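For reference, the chains in residue letters:
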Amino acid sequence: MLALGLQGSPRKNGNTSFLLSAFMNELEKLGAQVKIIDADKKNIMPCIECSVCEKEGFCPLDDDMSSDIYTLLRQADVIVVATPIFFYSAPAQLKALIDRSQALWARKYKLKLNDPGQKFKRGFLLAIGATRGKNLFEGLTLTIKYFLDAVGARLDGSLTYRSIEKPGDMKKHPSVLNDVKEEAKKLISPLLLRKKILFACRKNSCRSQIASAFAQHLAGDKIEVLSGGSRPAKMINPIMIEAMREKGLDMAFRKPKSIEKAIAEVKPDIIINMGCGEKCSFLPGVRTEDWDLPDPAGKPIDFMRNIRDEIEKRVVSLIKDFE
Ligand SMILES: Cc1cc2nc3c(=O)[nH]c(=O)nc-3n(C[C@H](O)[C@H](O)[C@H](O)COP(=O)(O)O)c2cc1C
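Described in the following lines is the structure provided in the data block. (Residues numbered from 1 in each chain as written. Predicted model: local features only at pLDDT ≥ 70, side-chain atom pairs only at ≥ 80, totals over all residues. Heavy atoms only, no water.)

### With respect to empty space enclosed by the protein
Enumeration according to the criterion identifies one cavity of 30 Å³ or more in this entry. Estimated volume of the largest cavity: approximately 50 Å³. Lining the largest cavity, in full, are Cys201, Arg202, Lys203, Asn204, Ser205, Cys206, Arg207, Asp295 and Ala297. Tallied by class, the residues present in the lining of the largest cavity amount to three nonpolar, two polar and four charged. (1 Å grid on protein atoms, 1.4 Å probe; cavity = no way out; pocket = protein on both sides within 12 Å on 5 of 7 lines; lining within 4 Å. Points joined across faces, edges and corners; volume = space filled by probe spheres on them. Nonpolar A, V, L, I, M, F, W, Y, C, P; charged D, E, K, R; others polar.)

Given below as structure tokens:
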């Protein structure tokens, strides 16, 4: 389970950094893999409102958003946004990342494509400000709520702190470590109970991607889906993307990975080999099934559609097994 932290403060070792690290440490202790992005250390251009994303679904700006942040936003099971208040909103570096998520908003609302993870993806807000006003976090909370919606998550909770100004103020707060412990547990406990299924094939570009998307879409709150390939391709198959688009599922920003990487930090309860001619994956003591499906790579879209529909049927019955 990947928990992605987005850190909005440009201050080195500031209050937000402390708060986010404490929260992510708790998530890690509970079993999540964690990754933090410091917005101000990334090359993220502001949105130029060219509207390309509304027609094509992709942002034409070439920077860290396109190279890895869109992919991480898609991969994450949990997104934690941590930020100081700057003029009742978020600092510009984080706001640029938020605005650039318009590309994901456009895919969802203009192109009507669903992120397969959107039913289970959770979001959380950590925010701090120097003053004490009643409305201090209102604008920011709305911004983060709609940012999370655009990236296929929902705002599940928040911790906000007033009167935090100088470096070190957050660290001295009497209840912060307890607050963080409680909220981190509440946030990911339901996701920790999920059974883990690995879908494996050779390239992790078609069959295992299709199966993992259907499993996430249909039962991502009950199943933690892993997928990998014995010899991963450089990119996922464009005809597969098209075939999944016909089902309303958005495969954009996915990248093939190796089986070793997929199971590096988590042991699957079940392995489904999609049919590689050789055993894609095997772990002693783990229930393993072979679906023996032909490889659709290089075949016309009708072939891909048949494989897609067959995989969907099998995923549906696999999920019934769990009920
Ligand atoms: C440019 C700027 C704007 C700020 N605007 C606000 C504000 O509108 N309201 C507020 O309460 N604090 C405001 N602050 C104070 C910060 O939110 C506060 O010092 C916070 O603790 C900084 O967290 P950090 O150490 O993680 O950067 C502002 C600070 C800066 C530098």
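There is more to say after this.
### Here we look at the layout of surface pockets
Quantified by volume, the largest pocket comes out at close to 920 Å³. Lining the largest pocket we find 36 residues, and of these Leu2, Gln33, Gln75, Ala76 and Lys257 sit closest to its centre. Broken down by secondary-structure element, the contributors of at least two residues to the lining of the largest pocket are strand S2 (33–38), helix H3 (64–75), helix H9 (207–219), strand S7 (223–229) and helix H11 (259–262). At five residues, H3 tops the list of elements feeding residues into the lining of the largest pocket. Considering only enclosed or pocket space, the second largest pocket measures out at about 330 Å³ in volume. Surrounding the second largest pocket, 17 residues form its lining, Arg11, Pro84, Ile85, Phe86 and Ile164 being those nearest its centre. (Helix = DSSP H or I, 4+ residues; strand = E, 2+ residues; numbered from the N terminus.)

### Observations concerning the pairing of strand S3 (residues 78–84)
The buried fraction of S3 is high, at seven of seven residues. The side-chain alternation of S3 yields two buried faces, one formed by Val78, Val80, Ala82 and Pro84 and the other by Ile79, Val81 and Thr83. Note: strand S1 (residues 2–7) against S3, five bridges, orientation parallel. Considered in S3, the bridge of Gly5 is made with Val80. Sheet analysis places S3 next to strand S4 (residues 122–128), joined by seven bridges and oriented parallel. What sits directly across from Pro84, in S4, is Ile128. (Buried < 20%, exposed > 50% of the residue type's maximum accessible area, 1.4 Å probe, protein only. Pairing = 2+ DSSP bridges.)

### Points about the packing of aromatic side chains
When we look at a pair of aromatic rings, we describe it by the centre distance and by the angle of the planes. Overall, the coordinates contain five aromatic pairs when judged by the stated rule. Arranged with centres 5.6 Å apart and planes meeting at 65 degrees, the rings of Phe58 and Phe253 form a pair that is edge-to-face. Taken together, the positions of Phe58 in the loop between helix H2 (52–56) and H3 and Phe253 in the loop between helix H10 (238–245) and H11 put the pair 195 residues apart, joining distant regions of the chain. For Phe58, a relative accessible area of 41% corresponds to the partly exposed category. By the ring-pair criterion, three or more aromatic residues cluster together here, those being Phe58, Tyr70 and Phe253. Seen from the ring of Phe303, Lys299 lies directly overhead, with NZ or CZ sitting 4.8 Å from the centre. (Phe/Tyr/Trp six-rings, centres within 6.5 Å; stacked < 30°, edge-to-face > 60°. Lys NZ or Arg CZ within 6 Å of the ring centre and 35° of its normal.)

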